Amino acid sequence: LLFDGNEKKQYELVQNLFMDVLKEVKYQNIFINYLAYHSEQAVKKESFEDREEYYKYMRNKNYSTLNDISVKSISERDIGNFLFLHDIQFEYEPLVEWVDESEEDKEYHPDFYLPEHDVYIEHWGLNKQHQVPGWFTITTAEYLELREWKLEQFEKHNKSLIETWDFERLNEELIPNLKEKLKNTISNIDFTPLTYNELVNKTNAFKDKRNEVINLIGNFIKI
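If you're wondering where the values come from, they're calculated on a predicted model, not measured in any experiment.

A word on the pattern of salt bridges
Overall, the coordinates contain eleven salt bridges when judged by the stated rule. Across the pair Glu93 and Lys72 runs a salt bridge, and its minimum N-O distance is 3.2 Å. Placement of Glu93 in the loop between strand S3 (91-92) and strand S4 (112-114) and of Lys72 in the loop between strand S2 (70-71) and helix H4 (74-85) is noted, with a sequence separation of 21 residues between them. The exposure class of Glu93 is partly exposed, given its relative accessible area of 22%. The class for Lys72 is partly exposed, based on a relative accessible area of 48%. One salt bridge connects Arg77 with Asp78, and the closest N-O pair in it is separated by 2.8 Å.

Section: a negative patch on the surface
Together, Glu49, Asp50, Glu52 and Glu53 give the surface a local cluster of negative charge. With respect to the secondary-structure elements, Glu53 resides in helix H3 (residues 51-60). For Glu53, a relative accessible area of 38% gives the class partly exposed.

Section: the pairing of strand S6 (residues 160-165)
The side chains of a regular strand alternate between the sheet's two faces. Sheet topology places strand S5 (residues 119-124) next to S6; six bridges connect them, and they run parallel. Within S6, the position partnered with Val119 by the bridge is Ser160.

Basis of the calculations
Per chain, residues are indexed from 1 in the order of the written sequence. Note on the predicted model: pLDDT of at least 70 is required for a residue's local features to be given, and 80 or more for side-chain atom pairs to be given and counted; whole-chain, interface and lining totals, by contrast, use all residues. Values shown for side chains rest on all heavy atoms present in the structure; no hydrogens or waters enter the calculation. Any Lys or Arg side-chain nitrogen located within 4 Å of an Asp or Glu carboxyl oxygen qualifies as a salt bridge. Think of it this way: any DSSP run of H or I at least four residues long counts as a helix, any run of E at least two long counts as a strand, and we number them from the N terminus. Only protein chains enter the calculation, and the probe is 1.4 Å; a residue is then buried if its accessible area is under 20% of its type maximum, exposed if over 50%, and partly exposed in between. Patch definition: residues with relative accessible area over 30% and no salt bridge; like charges joined within 9 Å; nonpolar side chains (Val, Leu, Ile, Met, Phe, Trp, Tyr) joined within 5 Å. Only the protein chains shown count as cover for residues, and all accessible areas are computed by the Shrake-Rupley method using a 1.4 Å probe. Positive charge is attributed to Lys and Arg, negative charge to Asp and Glu, and no charge count is given to His or to the chain ends. Where a charge sits is defined by one atom per residue type, namely NZ (Lys), CZ (Arg), CG (Asp) or CD (Glu). Any two strands are treated as partners once DSSP identifies two or more bridges connecting them.

Structure (structure tokens):
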């Protein structure tokens, strides 16, 4: 691929080839799956010079869903993307006022709310031993105590809750398990996915992410 160092022509070629490939449904689905669940992976602590630097990074790191909602973890990104890709309306961290006042008098914002079904999703940042990551600002005991309070509120006020866990993502079970839990909780839920063209037309964030991938491919090609 020689364009006499003309970078603009290089990117135009990559873009044209990429868009041609995306005319096929098979590659559309592969691309959607990549953008939704694999385009940005968790950063390993080995990538940092010291532990505190890693902790600071993780505490301030945010992720974006395909419909351009900022969330606090990769697992929440995956959940949000699954809901968006299947056209299931959701609100992220809405303030709820039906809970009892906590001793700390803090507001309660469940992770996800599905208004069409009146169902909440809480994602617990816990491993299989029910421990929080080292970079959390609260201890495991504090986190588990807060979780118990939240569960009591859902039961007391007769609210529907689906629970997900961080270890599910590490075992690649988060989305399959979430889908099964949604089916068991909402009998009439529809999992018909949005088509590629619907995604392109539905949000500019999807088109922006597509262009980022095109640019990334172009950067790998040296002329």
